[in-house]
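If you want the building blocks of each chain, they are given just below.
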Amino acid sequence: MAFDYKKEYKEFYLPPRRPQFVTVPPMSYLAVRGKGDPNEEDGAYQAAVGLLYGVAFTVKMNKKSDRRLEGYFDYVVPPLEGFWYQEGVDGFDGTRKDLFHWISVIRLPDFVTKADFDWAAAEATRKKKQDFSKVEFLTVDEGLCVQAMHIGPYDDEPATIAAMDEFVRENGCANDFSNARRHHEIYLSDARKVAPEKLKTVIRHPIRKG
């Protein structure tokens with residue numbers, strides 16, 4: 001049976017709706033950076049997602065390639081995620097989609113090295129006859145965070161974020177946004193197939209004690 005990160009690491013992918021603290025170790029990702037409204041039809045965000053999955057499935061299907069990656073094991077491609085920020089905005093304002101800067105990502109298995117990524121990007125380019133140069137290998141060390149499961153439309157996230165902020169304050173901590181630590185979302189539902197009121201999204205914010 002293929003290894004499923006959501007099932008094996010429930011503390012990172014399946015938190016309760018009530019906010020909780022979590023310490024997230026360094027993880028490597030496929031990443032594409034961009035800006036603008038993610039809902040724009042045929043826009044930069046949609047193009048970035050297509051690029052990510054093109055390389056992600058090239059890595060997954062390495063089992064059928066002549067170049068076997070060291071340490072490879074069969075796995076389920078992890079869910080799409082995103083790091084979001086807005087220049088000149090303290091925290092995160094979901095109502096100003098025009099100001100969004102985003103880093104759209106898909107987690108890589110630990111066995112994937114930078115050299116393996118370079119091979120996968122080149123292989124995807126060769127097979128799909130498409131430019132994957134915007135995809136990068138990114139390692140993120142989130143550290144101490146607060147997170148919660150948001151169920152419902154993306155535009156309703158402010159209520160979940162408000163509950164997270166209150167939980168942080170009640171426990172003597174504070175949000176700790178910076179250029180290296182950003183608003184983080186993990187998309188457990190396919191918005192093309194799931195009704196808005198049933199969408200499941202992990203929301204995670206960096207925090208500090210005191």
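See the structure shown above.
If you're wondering where the values come from, they're calculated on a predicted model, not measured in any experiment. (Residues numbered from 1 in each chain as written. Predicted model: local features only at pLDDT ≥ 70, side-chain atom pairs only at ≥ 80, totals over all residues. Heavy atoms only, no water.)

Undergrad: I tried to follow the layout of surface pockets on my own but got confused; where do I start?
TA: Where empty space is left in the structure can be found by rolling a water-sized probe over the atoms. Estimated volume of the largest pocket: approximately 1100 Å³. Lining of the largest pocket is provided by 38 residues; of these, Tyr 45, Leu 80, Tyr 154, Tyr 187 and Ala 191 occupy positions nearest its centre. Per element, the largest residue contribution to the lining of the largest pocket is 6 residues, and it comes from helix α3 (residues 44-60). Residues belonging to the lining of the largest pocket are distributed by class as follows: 22 nonpolar, 5 polar and 11 charged. There is about 210 Å³ of room inside the second largest pocket. Along its surface, the second largest pocket is lined by 15 residues, and Val 140, Asn 179, Ala 180, Arg 181 and Arg 182 are the ones closest to its centre. Mapped by element, the contributors of at least two residues to the lining of the second largest pocket are β5 (136-140) and β9 (200-209). (1 Å grid on protein atoms, 1.4 Å probe; cavity = no way out; pocket = protein on both sides within 12 Å on 5 of 7 lines; lining within 4 Å. Points joined across faces, edges and corners; volume = space filled by probe spheres on them. Helix = DSSP H or I, 4+ residues; strand = E, 2+ residues; numbered from the N terminus. Nonpolar A, V, L, I, M, F, W, Y, C, P; charged D, E, K, R; others polar.)

Undergrad: I tried to follow the pairing of strand β6 (residues 143-151) on my own but got confused; where do I start?
TA: Within a regular beta strand, the side chains point alternately toward one face of the sheet and then the other, so they alternate between its two faces. Of all the 9 residues making up β6, 7 are buried; the element is thus mostly covered by neighbouring parts of the structure. Here strand β1 (residues 20-24) pairs with β6 via 5 bridges, running antiparallel. The residue of β6 that forms the bridge with Phe 21 is Val 146. The pairing of β6 with β9 spans 7 bridges and is antiparallel. The residue bridging His 150 from the neighbouring strand is Thr 201, located in β9. (Buried < 20%, exposed > 50% of the residue type's maximum accessible area, 1.4 Å probe, protein only. Pairing = 2+ DSSP bridges.)

Undergrad: Would you mind going over unusual backbone geometry with me for this structure?
TA: Negative phi values dominate among residues other than glycine, just as trans dominates among peptide bonds. Phi at Asp 42 is positive, roughly 60°, even though this residue is not glycine. Mapped onto the secondary structure, Asp 42 falls in the loop between β2 (27-35) and α3. With a phi close to 55°, Lys 129 is a non-glycine residue in the positive phi region. Within the secondary structure layout, Lys 129 lies in the loop between α4 (114-128) and β5. The exposure class assigned to Lys 129 is exposed, which follows from its relative accessible area of 73%.

Undergrad: How should I be thinking about the packing of α3 against α4 in this particular structure?
TA: Between two packed helices, the angle of one axis relative to the other and the distance separating the axes together describe the packing. Across the interface, α3 lies against α4 with an axial gap of 9 Å and an inter-helix angle of 105°. Taken together, the axes of α3 and α4 are roughly perpendicular relative to one another. Across the interface between the two elements, Gly 54, Val 55, Thr 58 and Val 59 from α3 touch Trp 119, Ala 120, Ala 121, Glu 123, Ala 124 and Lys 128 from α4. Residue classes in the contact of α3 with α4 are distributed as 6 nonpolar, 2 polar and 2 charged. (Axes fitted to C-alpha atoms, helices over the stretch in contact; angles between N-to-C directions. Parallel < 35°, antiparallel > 145°, perpendicular 65-115°, else oblique. Contact = heavy atoms within 4.5 Å.)

Undergrad: Would you take a moment to explain the nonpolar core for this structure?
TA: A general tendency of soluble globular proteins is for nonpolar side chains to be buried together. Among the nonpolar cores identified, the biggest contains 57 residues, and Leu 30 and Val 135 are the most heavily contacted of them. No other element matches α3, which puts 8 residues into this core. With residues near it in sequence (within four places) discarded, Val 135 still touches Leu 30, Ala 31, Val 32, Leu 51, Leu 52, Val 55 and Phe 117. (Core = buried A, V, L, I, M, F, W, Y, C linked by side-chain atoms within 4.5 Å.)

Undergrad: I'm lost on the pattern of salt bridges in this one. Help?
TA: Pairs can form between side chains of opposite charge whenever their charged atoms are close. If you walk through the whole model with that rule in mind, you get 13 salt bridges. A salt bridge links Lys 127 to Glu 123; the nearest nitrogen and oxygen atoms lie 3.8 Å apart. Of this pair, Lys 127 and Glu 123 both sit in helix α4, 4 residues apart, roughly one helical turn. Here Lys 127 falls in the exposed class, since its relative accessible area comes to 58%. Note on Glu 123: relative accessible area 13%, which makes it buried. (Salt bridge = Lys/Arg side-chain N within 4 Å of Asp/Glu carboxyl O.)

Undergrad: How do you make sense of a negative patch on the surface when you look at a structure like this?
TA: Residues Asp 37, Glu 40, Glu 41 and Asp 42 make up a contiguous surface patch of negative charge. Looking at Glu 41, the relative accessible area reads 70%, which means it is exposed. (Patch = residues over 30% accessible without salt bridge, like charges linked within 9 Å, V, L, I, M, F, W, Y side chains within 5 Å. Areas by Shrake-Rupley, 256 points an atom, 1.4 Å probe, with all protein chains shown as cover. Lys, Arg positive; Asp, Glu negative; His and termini not counted. Charge placed at Lys NZ, Arg CZ, Asp CG, Glu CD.)

Undergrad: Looking at this model, I keep getting lost on the packing of aromatic side chains. Mind explaining?
TA: Aromatic rings in a pair are described by how distant their centres are and how their planes are angled relative to each other. The final tally for this structure, using the stated rule, is 18 aromatic pairs. Grouped by ring-pair contacts, the aromatic residues Phe 3, Tyr 5, Tyr 9, Phe 12, Tyr 72, Phe 73, Tyr 75 and Phe 111 constitute a single cluster. Seen from the ring of Tyr 85, Arg 182 lies directly overhead, with NZ or CZ sitting 3.8 Å from the centre. (Phe/Tyr/Trp six-rings, centres within 6.5 Å; stacked < 30°, edge-to-face > 60°. Lys NZ or Arg CZ within 6 Å of the ring centre and 35° of its normal.)

All quantities given are derived from atomic positions and should not be read as evidence of function.
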